[in-house]
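Residue-level listing of the chains:
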Amino acid sequence: AAAINYMTITTSNGVTTYDRVIRFADWNENNEALNTGRKLAFIHELAHNFDNPFELAATPGVSWTFITVFRSKSGWTQSTPNTTGYTLSGDGQWWYSNDAEFHRPYGRINPSEDWATMWELYFHPSATAEPGTNLDEKLQVVRNFINSLK
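Q: Looking at this structure, how should I read the nonpolar core?
A: Soluble globular proteins tend to bury their nonpolar side chains together. Ranked by internal contacts, the top residues of the largest apolar core, which has 19 residues, are Trp 115, Met 118, Trp 119, Val 142 and Phe 145. Within the residue set of this core, elements represented by two or more residues are α1 (32–47), α3 (65–74), α4 (111–123) and α5 (134–148). Ranked by the residues each element gives to this core, the list is headed by α5, at six residues. Contact partners of Val 142, with chain neighbours within four places excluded, come to Phe 70, Trp 115, Met 118, Trp 119 and Tyr 122. Trp 76, Trp 94, Tyr 96 and Phe 102 belong to the second-largest nonpolar core, a separate cluster that totals five residues.

Structure representation (structure tokens):
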């Protein structure tokens, strides 16, 4: 794997702390194709630092509502829908709208992977989304979130 990302959650005296550790494979200055994949892995894993509303709510100056808005673009829900218009996610814990569009199939795993793959699209210089599509709307949420950090 190009990168491994894991989070530990600890609670002490009523205070919850979220700690993330991201480990990357070695850079290979002789293999540009491999390094491109590692650049995307870096962006993808960095996005996971901002994919959890509870984590964001604990971060001063950062709004957790971006995640809620982003999830709504694909209809993400953990409740089993009472309609046939939804598909069970890759991890079996979420549902998304059949009309949802994804940058890569990996985004169908869960809303966190959807968010992280959209960061790949946002930061990758040659990647594009068709105007007016669900991807364009998702990209706008990512763009708004990034701009809010400035």
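Q: Help me out: how do you make sense of the pattern of salt bridges in this one?
A: Once their charged atoms are close, side chains differing in charge can pair, the charge on each being opposite to the other. With the rule as written, the count across this model stands at three salt bridges. A salt bridge links Lys 138 to Asp 114; its shortest N-O distance comes to 2.8 Å. Remark: Asp 114 occurs in helix α4 and Lys 138 occurs in helix α5; sequence separation between them is 24 residues. On the basis of relative accessible area, Lys 138 is assigned to the buried category, the value being 0%. Owing to a relative accessible area of 0%, Asp 114 belongs among the buried residues under this scheme.

Q: I would appreciate a short explanation of the packing of aromatic side chains in the present structure.
A: Geometry of an aromatic ring pair is reported as the spacing of the ring centres plus the angle between the planes. Scanning the model with the defined rule gives 13 aromatic pairs in all. Note on Phe 50 and Trp 119: the rings are 5.7 Å apart at their centroids and 15° apart in plane angle, and the pair reads as stacked. In this pair, Phe 50 is assigned in the loop between α1 and α2 (53–57) and Trp 119 in helix α4, connecting sequence segments 69 residues apart. In this pair, the class of Phe 50 matches that of Trp 119, namely buried. Ring geometry for Phe 66 versus Phe 145: centroids 5.4 Å apart, planes at 80°, classification edge-to-face. One end of the pair, Phe 66, is in helix α3; the other, Phe 145, is in helix α5, with 79 residues separating them in the sequence. No difference in accessibility class separates Phe 66 from Phe 145, as the two residues are buried. Taken together through their ring pairs, the aromatic side chains of Phe 50, Phe 66, Phe 70, Trp 115, Trp 119, Tyr 122, Phe 123 and Phe 145 make up a single cluster. Residue placement shows Lys 138 over the ring face of Phe 102; its charged tip is 4.2 Å from the ring centre.

Here is what the cut-offs are and how they apply
- Residues numbered from 1 in each chain as written.
- Predicted model: local features only at pLDDT ≥ 70, side-chain atom pairs only at ≥ 80, totals over all residues.
- Heavy atoms only, no water.
- Core = buried A, V, L, I, M, F, W, Y, C linked by side-chain atoms within 4.5 Å.
- Buried < 20%, exposed > 50% of the residue type's maximum accessible area, 1.4 Å probe, protein only.
- Helix = DSSP H or I, 4+ residues; strand = E, 2+ residues; numbered from the N terminus.
- Contact = heavy atoms within 4.5 Å.
- Salt bridge = Lys/Arg side-chain N within 4 Å of Asp/Glu carboxyl O.
- Phe/Tyr/Trp six-rings, centres within 6.5 Å; stacked < 30°, edge-to-face > 60°.
- Lys NZ or Arg CZ within 6 Å of the ring centre and 35° of its normal.

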